[in-house]
Structure formats: C-alpha cells, structure tokens
Amino acid sequence: MTEAATPQVSRTIDARGSFCPGPLMELIRGIKESEVGDVLSVLSTDKGSKTDIPKWIGKAGHNLIGVFTRDGYDEIIVEKVR
Amino acid sequence: MQHVVVLGGGVGGTLTANLTARKLKSRIAKGEAKVTVVDATGQHAYQPGYMYIAMGQERADKLVRPEKSLLDGNVALVVDGIERIDTAAQTVALASGATLHYDQLVIATGSRIVPEELANFDGEAHHFYTAEAAAKLRVALDSFTGGKIVIGIAGIPYKCPPAPLEVAFLVESELRERGLRDTTEMTFLSPINRAFTIESVSEMATPILGEKGIRLELLAGVGEIDAERHVVITDAFEEHPYDLLICVPPHRGAQVVVDSGLAPKSGWLPTDRHTLQVKTVAKPGPGVADADVPRYANVYALGDATDLPLSKAGSTAHFEAPVVAERVAAAVLGRQPGGKHASYEGKVMCFFEVGDGKGTLLQFDYEHPPTPPKPNRIWHLGKIVFNKTYWHTVPKGRV
C-alpha cells in the first residue's frame, strides 16, 4: 500500500527506545484494547520489529497495511480485523 | 542527619542497604546518617527456590528468613506497608499512618504477579511464582499420568525469564524417569518469535527443546484460558488443548509507585540505565531525547521495579545494588560517585537448568550478549550450591 492510501490511524503506539520484544508486546496490548476496524501504528527503533511484528499480524489474522522506514525508526501500520 | 530510606527487603533493597551502611559507617556512628529499610512483611524470601518446590527438591520453610537477620547491624528495619511516595516533600507515607522523611530514596519494591488479570487463570493454570503455587504444581505433577502439558507465558516482562524453559526441561526429564514421556505431549508456547528473548540463549535452547521432543510454538502468548474446554487461546487466536497447564502469570510493578505518579499503569519505574535514578516521566515527548528527561537527583530504583530491558531476576538487583549504594553514599558524603561501581553497565549473571542434571550459565551486560557454554553438570551444581549458600553471600555483599 502506498503512503497516500494509508487509512487514518486511530491509535499510535510509540515504542521507540523499547527493545525486543517490547514493541510487539505493546502492539498486542494495544490491539486487545482496540475495536475491530481500528488502525494502529507502531513506532519502533528495534530492528527486529519490522520482521517480528508483521509475522505476528499474519498469524493473528489482522491486516498489515504497511511497514514504512522513517527517519531513525520504523512505522508498522495494522488494522484490527477480528 | 541524612536519612537513606530503602523501600523493599528483597535482594536489591537488602544488599543496597547493607552496602550503603558500610560506606556510611562512621557517619552513622556519629549520628549524622541513618539507613532504614521498609518492608511489608519483614520476611525475606529466596524466590528462585520456588521452582525447586515444584520439582520436589526444596521445602518452602527453607526459603524464608527474617529480614532483620540479613541486615547489617547499622540498618534499621521498619515492618510496614508503603502507601505513598511524595518526591516533592521527600516523604514516604506508611500503612500504619507514620511518615518517613528521606534525603535519599531507593525503590526496590520488586514485581508482583497479577493472575487475576487473566480470566480462569486461578482455576486452571499452575505456576511456580509463590511457594503455595509451586507446592500445588508438585501435587499436580505427582498425580499426572500422561496427556497434554502446555507451558505458556501470559505477558512480558515476568520474573526470571529462563524459568518457564527450565521448568519445561525439568518436567520433561522427570516424566522420562517416571516412564510417562511416551504418553505425554509437551508444548512450549513462546510469546515472541523465538524461544527466548535473548537471541544467543534462544539458539542454545531451541535444539534442546527439539531433542527432548517439546513442541515449540512461536508468537504464541497466552491470551485466554477456556476453562470449559481446557484450551489455551493464544494472542494470535491459536488453540492448544491441555490436561496440565503451567503458565507464567501476568506481572506488574508495585501499585504504590503507580499511585504515587512515578510509574505508568504497568508499574515499571522509568529508570536511567546507568545511574539507576528514576526519571521524572516514563516516555519523553516528541522531539525530546531520553537523555534530556530530568532524573530525580535523590530517587533510585533497582531490581524488578525498573523498566530496564534486563532480566527481572535477583541477579540483576545483585549487580545494580553496589551502584545504587555508591551513588547514594556519595551524595550523603558530598562527593562524586567513583570507582568501578559509579555506573551500572547492565551486568547480569544467572544459571540455566536444562534437565538431566545439566545446566549452563548466562552472563551478559548492555554491550555483550551471553554466550552460554555447552550445558554440563558443573553449572547445574553451581546453581544448587549458589541456592544453598545464598543467605550467607548475596544479601551480605560477600559475592
């Protein structure tokens, strides 16, 4: 998905500075607290996040909208679908 | 009179108080300084021993001693609950209604399990994070005659990260000895994308799981427990039926640090990774570097209580305590912290059981991940000796 087509983010989880598995754990917590249809953005400086988080999203059956490299961190955007 | 108040009589609090009292010995003798430990129970529990109760190798009464017996003669002990910390007034309000004023505060309030945060945990899951729970797990293992054992983790961080893997290995060995292994299916649910948070330890442990025939499921944090069907449902909605469920309960920091506005809801205190001073905010705002977040000049945290990306283990507190003691004593004495304990570099060292009377050693710091040696009998015996001699060594600062 292109950046322009990214849906509006309902909640941003700023996990920058948190080490593996912090960002993944914070996303799982955030997803549990969200409603189906919500779009969550995770900001992470941990290098493992851009592989581990999409794997978990795939396993959990949520919708990975995109993984974007930002200035010094990665942004992973996911839609809760179940 | 400079008053150093230490909250919590676990490994971190006890050792910090003892080391600080030694450094301030002459000031204490002159009545110019005082070190006080506040602890809710006045009893010091050696928590790593609980796992061995579950394995039938330890007794609960051997794992508790009066806190006073472990403290330096120059440390006062107040047995009382901690209700509120006021950093502006530099006071600690106690459950009895008393108030302590501090000049230097050390928060070593540890972590606590909150099984009530996961529905059906109490009725369905066994664990080994209290002596009572470990004894119940022992009874369950004794009556186990084969079936499905699931070992899982309901949230990170939790105390003693290697423990669930160790329990998996030890239970597997026991079942083999009892002739029950062929009729038992064992599954280890890891909440992350590998068997253990530290990559090198994961690389060591994963083949052992394979050799022992323990199925490893990744990205499988325990999300729900279906008590009617006896099924664990993971965060990723996968189902794992069990006959015996062993699960690490959710953990949080002490409620008092949340209530006092020092930590977020999780209870983990935002802590400087080198000075161990508590930060004034949990997360810097946009555009603010972590280094620019102000630290409380006279409030320190150590052990399980912090939000540092380290093992929540007595070992972490053990190696943090000399740093806190040095910095607190330096502040009281009006000098700069110095020597090898001026700054904490993330040192942690702990033993890791792999079953069959073998173990290995995890030793690491912020810059150097562990390189565990091949498991052997020496490290297993090392852990046993360490556990038995703990009372005479760690709390008293002899190792």
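Quick note: structure is the one above.
We now turn to the structure provided with this report.

What counts and how
Residues numbered from 1 in each chain as written. Chains lettered and ligands numbered in written order. Predicted model: local features only at pLDDT ≥ 70, side-chain atom pairs only at ≥ 80, totals over all residues. Helix = DSSP H or I, 4+ residues; strand = E, 2+ residues; numbered from the N terminus. Expected span 1.5 Å × (residues − 1). Bend = angle between axes of the 7 residues up to and from the residue. Buried ≥ 20, exposed ≤ 12 C-beta atoms within 10 Å, placed from the backbone. Contact = placed C-beta atoms within 7 Å. Core = buried A, V, L, I, M, F, W, Y, C linked by C-beta atoms within 7 Å. Domains from an automatic or database assignment. Nonpolar A, V, L, I, M, F, W, Y, C, P; charged D, E, K, R; others polar.

## What about helix H10 (residues 377–393) of chain B?
Residue and element names in this part refer to chain B. A rise of 1.5 Å per residue sets the reference length of H10, with its 17 residues, at 24 Å; its end C-alpha atoms lie 22 Å apart and thus fit the reference within 8%. Most pronounced at Asn 387, the bend in H10 amounts to some 40°. Listing the buried residues of H10 in full gives Trp 379, His 380 and Lys 383. Lining the buried residues of H10 we find strand S22 (348–355) and strand S23 (358–364).

## Considering helix H6 (residues 163–177) of chain B
Residue and element names in this part refer to chain B. Over its 15 residues, H6 extends 21 Å from the first C-alpha to the last, a length consistent with the 21 Å expected when each residue adds 1.5 Å. With eleven of 15 residues buried, H6 is to be regarded as a mostly interior element. Those residues of H6 that sit buried are Ala 163, Pro 164, Leu 165, Glu 166, Val 167, Ala 168, Phe 169, Leu 170, Val 171, Glu 172 and Leu 175. Just downstream of H6, Gly 179 is the residue with a positive phi angle, here 75°.

## Details of the nonpolar core
Residue and element names in this part refer to chain B. Met 51, Ala 54, Phe 128, Ala 134, Val 167 and Ala 168 are the most contacted members of the largest nonpolar core, which totals 84 residues. Among the elements that take part in this core, H6 stands out by supplying eight residues, more than any other. Inspection of this core shows a minimum of three residues originating in each of domain 1 (2–110 + 254–341) and domain 2 (115–250). Counting 50 residues, the second largest nonpolar core, distinct from the first, contains Leu 19, Ile 107, Ala 254 and Val 323.

## Points about the interface of chain A and chain B
At the junction of the two partners, chain A supplies 15 residues and chain B supplies twelve residues. Secondary-structure elements contributing two or more residues to the side of chain A that touches chain B are helix H1 (22–32) and helix H2 (49–60) of chain A. The residue inventory of the side of chain A that touches chain B, partitioned by class, reads eight nonpolar, three polar and four charged.

Remember that the coordinates give geometry; whether it matters functionally is a separate question.
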